[in-house]
Amino acid sequence: MKRTIKKAAVLGSGIMGSRIACHFANIGVEVLLLDIVPFDLPENEKENKEARNKIVNSSLQTAIKSNPSPLYTKSAARLIQTGNFDDDLEKIKDVDWVIEVVVEKLDIKKSLFEKVEKYRTPGTLITSNTSGIPIHLMLDGRSEDFQKHFCGTHFFNPPRYLRLLEIIPTEKTDPEITEFFMHYGDLYLGKETVLCKDTPAFIANRIGVYAMMSGMHVIDEIGLTVNEVDKLTGPVIGHAKSATFRTSDLVGLDTMVNVSNNLHAALEHDESKDVFKLPKIVSELSEKNWLGDKTGQGFYKKTKKDGKTEILELNLKTLEYEPKTKAKFEAMDKTKNIEDVRERLSILLADKGKAGEFYQKTFFDLFKYCSNRIPEIADELYRVDQAVSAGFAWEVGPFESWDALGVEETTSKMKEAGFEPAKWVTEMLEGGHKSFYKFEDGKKQYYDIPSKSYKVIPGTEGLIFLDGYKENNIVWEKPGATIYDIGDGVLNLEFHTKMNSIDSDVLEGVNTAITMAEKDFRGVVIGNEGQNFSAGANLAILFMYAVDQEFDEIDLMIRTFQNTMTRARFSSVPVVSAPSGLVLGGGCELSLHCDAIQAHAESYIGLVEVGAGLIPGGGGTKELTMRAADDFTAGDPELNTLQEYFMNIATAKVATSAEEARAMHILRGGDDVTLNRKRLLTDAKEKAIQLWEAGYTQPVERKDIKVQGKSALAMFGAGITGMRFGDYISDHDAKIGQKLAWIMAGGDLSEPTLVSEQYLLDLEREAFLSLCGEPKTLERIQSILFKGKPLRN
């Protein structure tokens with residue numbers, strides 16, 4: 001039976017329910033969001049529909065207004081219809097999927113399912129979003145059809161941003177239903193769908209909470225401070241910036257206490273169950289009700305001092321709040337210029353100081369624990385990595401980390417330190433298998449324990465993993481960029497500079513990839529598997545030349561950059577950009593000049609050069625001016641269209657999703673969005689092939705761009721003056737705005753005129769070059785380079 005999801009019902013509108021509803025709306029699914037009628041309605045409001053829906057409507061509005069937004073665009077909220085259980089539950093007869101997201105109490109869930117059974121159409125999918133209640137316990141008294149179409153679907157919060165969706169079938173779930181959820185979650189919801197067994201806390205929370213609790217027990221032994229631990233357990237090891245204690249404060253210590261206590265009680269046969277016993281410090285904070293952000297203090301506390309916010313950290317010995325300690329570790333200094341987290345791990349665990357001791361004890365314990373959980377929580381090791389990485393935003397999972405450190409060497413050190421892994425690990429090594437993963441013919445394989453052999457990870461057969469091409473398919477390489485032959489006549493250009501910033505290696509890579517493709521291939525994809533596509537051009541070299549007033553060198557830099565963007569635009573083979581994460585400044589300009597964009601849904605795209613005291617000088621201003629001209633109509637006397645494009649650049653606006661980038665005219669009609677990050681390069685390659693096979697024709701320079709001249713300058717000038725008098729912008733902002741206005745107006749032409757792309761590029765270059773001589777621009781660039789934040793001056 002072929003299934004489609006056109007309409008879903010979400011039962012429960014709390015933090016999770018309302019945001020799950022929003023994410024379904026993101027992908028174009030109609031949603032019925034229901035919750036209870038308020039208990040305390042006065043008599044005169046008991047028949048009032050608005051009053052009866054007060055809880056659900058309030059919850060949805062809170063979600064829509066929250067930051068970061070659960071919606072790709074605010075307009076998606078129109079797909080969500082609200083109601084209440086008493087008046088509207090019968091409407092579930094018309095939906096394809098019912099998702100229960102009420103409070104985590106089994107009796108309440110079972111009571112709701114009994115009501116659902118009355119109205120649910122046979123064959124309708126029904127799932128529970130629970131983080132820990134055994135799924136099979138919810139089936140008591142349910143019909144055979146209900147049980148056949150029922151399973152657990154555990155989204156992680158926030159559902160839009162955390163990629164994990166755990167699928168937990170019961171013995172009575174139809175295998176076809178399980179397979180549907182695995183496929184739908186991956187392809188349409190953009191999730192890493194992980195098949196889990198119905199064991200306590202499933203996979204991600206079982207391992208993730210264990211890692212957190214294990215680390216807290218080790219802290220006492222070594223004597224680390226709160227800030228030191230967060231420094232050690234954050235981005236440096238590929239984990240979220242909130243690390244350990246900040247995560248606890250964000251989520252709420254009570255949540256961690258409940259999960260830990262529940263796990264300790266439920267895990268009868270877990271050899272490490274005592275790790276889930278609350279450390280003394282956690283118990284003390286729980287007793288004091290210092291639960292984190294929700295109570296105003298936890299491991300950190302915000303205070304006001306001299307009118308400024310100050311963040312204090314908890315002294316774990318005295319339980320007093322003190323100024324944050326400066327976390328300084330030699331091991332971290334050694335890794336600060338290493339982008340690849342796998343390379344960093346070897347250095348960090350080899351450290352002889354406190355940091356190394358902490359890492360060895362926590363990683364060795366985690367590796368031991370994960371190896372012992374197979375086959376208890378999962379039959380295959382890759383599911384553990386998928387769940388933990390996607391659910392807790394780890395760049396690499398436990399077994400991937402073990403691989404990066406060297407399985408054989410690390411296992412030997414673990415045994416010496418008293419962390420004996422599961423027997424199957426030793427047997428794997430004795431059998432000559434030295435890693436948990438390997439690549440063969442570009443396909444990622446995992447070590448299958450029962451067969452003692454490697455197998456391709458199911459569902460990844462057709463996906464592109466650049467690591468799989470490194471041995472035999474590199475056709476060109478420099479320190480900052482690599483070109484791979486990814487098959488079917490397509491090349492892939494990957495950046496690997498810091499933050500994937502665009503430097504001379506990257507520009508050479510773009511030119512080389514296109515030249516190679518024009519000779520022997522059918523297309524080029526520009527993309528990577530990192531967190532960010534590109535944070536923009538490398539400002540360090542520009543700053544050095546600007547300080548030394550080497551304007552000829554700067555002029556050459558701008559020309560080279562513009563020529564490279566033009567090369568991408570006018571190539572004789574299709575060039576497809578595959579952006580994800582940060583796509584800023586020059587990274588945005590490169591994407592604007594490609595034949596097509598295949599963007600990940602979570603792409604944060606914008607021309608942000610104004611924040612550095614500059615204008616987009618690599619063709620970005622030209623490109624949006626041209627697009628504004630194409631959108632301009634005679635019935636737009638106030639040049640509103642051009643004004644909108646101008647403001648997007650002048651305010652350094654960044655789209656918070658690929659769909660918002662479409663509304664900002666960065667993505668166009670032929671550009672597409674990929675929901676699942678791991679499919680992005682595969683989709684981009686397919687788009688390049690489609691463009692080629694459709695009879696790709698090399699574009700030619702346009703010379704018919706209509707600019708408005710003095711009339712546009714007058715409009716821009718009035719707006720800039722008003723913003724300055726209102727103190728919304730500084731004098732330097734106004735100067736940058738005037739430079740930008742000059743380009744987008746096409747200069748002070750006396751009447752609307754048709755100009756060429758090169759004409760606009762020349763105006764861009766002149767404006768960029770002149771701003772490089774402004775002291776306040778240099779101050780802005782210096783602040784970004786040395787303080788990591790923009791300066792308003």
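The shown structure was predicted, so the numbers you read here are calculated from the model rather than taken from an experiment.

Caption draft 1: How the structure looks around the overall build of the protein chain. The helix and strand inventory of the protein chain stands at 31 helices and 25 strands. Taken against the 2.2 N^0.38 rule, which gives 28 Å for 793 residues, the C-alpha radius of gyration of the protein chain at 28 Å falls within 12% of a compact globule. Seen through its principal axes, the protein chain has C-alpha atoms that stretch 80 × 70 × 65 Å. Within the protein chain, buried positions represent 55% of all 793 residues. In the protein chain, once contacts between residues fewer than 6 apart in sequence are set aside, the share between residues at least 24 apart is 69%. Accessible surface, the protein chain: about 34,200 Å² in total, of which carbon and sulfur atoms supply 50%. Of the charged side chains in the protein chain, 95 are positive and 119 negative; the average position of the first set lies 3 Å away from that of the second.

Caption draft 2: Main features of a negative patch on the surface. A surface patch of like charges, here negative, comprises Asp548, Glu550, Asp552 and Glu553. Within the fold, aspartate 552 resides in helix α22 (residues 551-569). For aspartate 552, a relative accessible area of 68% puts it in the exposed group.

Caption draft 3: View of the pattern of salt bridges. Per the stated rule, a full pass over the model turns up 58 salt bridges. In this structure, the salt-bridge partner of lysine 438 is glutamate 440, at a minimum N-O distance of 3.5 Å. Here lysine 438 falls in the partly exposed class, since its relative accessible area comes to 31%. Among the residues examined, glutamate 440 registers a relative accessible area of 39% and is labelled partly exposed.

Caption draft 4: Region of interest: helix α12 (residues 280-288). Turning to α12, its buried residues are Ile281, Val282 and Leu285. Taken down its axis, α12 places every buried residue within 100° of arc, on the same side. Away from its buried face by more than 90 degrees, α12 exposes Lys280 and Glu287. Contact partners of the buried residues in α12: α8 (204-222), α11 (253-266) and β10 (308-314). Just past α12, the residue asparagine 289 takes up positive phi, approximately 65°.

Caption draft 5: How the structure looks around the nonpolar core. If you look at the biggest cluster of nonpolar residues, it comprises 110 residues, and the most contacted ones within it are Leu11, Phe299, Tyr359, Phe399, Trp424 and Phe436. The leading source of residues in this core is α8, at ten residues. Setting aside its immediate chain neighbours within four residues, phenylalanine 399 contacts Cys370, Ser371, Ile374, Leu381, Val384, Asp385, Trp424, Phe436 and Tyr437.

Caption draft 6: Up close: unusual backbone geometry. Following asparagine 157, the chain continues to proline 158 via a peptide bond in cis, the omega torsion being 0°. Tracing the backbone shows proline 158 in the loop between β6 (150-155) and β7 (164-169). The omega angle of the peptide bond from isoleucine 374 to proline 375 is 10°, so this bond is cis rather than trans. Of note, aspartate 441 is a non-glycine position whose phi angle comes to about 55°, a positive value. Inspection of the secondary structure assignment puts aspartate 441 in the loop between β12 (437-440) and β13 (443-448). The phi angle at aspartate 488 is positive, at roughly 60°, despite the residue not being glycine.

Caption draft 7: Quick peek at the side chain of serine 242. Note that serine 242 resides in the loop between α9 (226-232) and α10 (245-251). With sequence-adjacent residues up to four places away left out, serine 242 is seen in contact with Asp230, Thr247 and Leu250.

So, how was this worked out
- Residues numbered from 1 in each chain as written.
- Predicted model: local features only at pLDDT ≥ 70, side-chain atom pairs only at ≥ 80, totals over all residues.
- Heavy atoms only, no water.
- Helix = DSSP H or I, 4+ residues; strand = E, 2+ residues; numbered from the N terminus.
- Rg over C-alpha atoms; globule rule 2.2 N^0.38 Å.
- Buried < 20%, exposed > 50% of the residue type's maximum accessible area, 1.4 Å probe, protein only.
- Contact = heavy atoms within 4.5 Å.
- Areas by Shrake-Rupley, 256 points an atom, 1.4 Å probe, with all protein chains shown as cover.
- Lys, Arg positive; Asp, Glu negative; His and termini not counted.
- Charge placed at Lys NZ, Arg CZ, Asp CG, Glu CD.
- Patch = residues over 30% accessible without salt bridge, like charges linked within 9 Å, V, L, I, M, F, W, Y side chains within 5 Å.
- Salt bridge = Lys/Arg side-chain N within 4 Å of Asp/Glu carboxyl O.
- Arc of directions from axis to C-beta.
- Core = buried A, V, L, I, M, F, W, Y, C linked by side-chain atoms within 4.5 Å.

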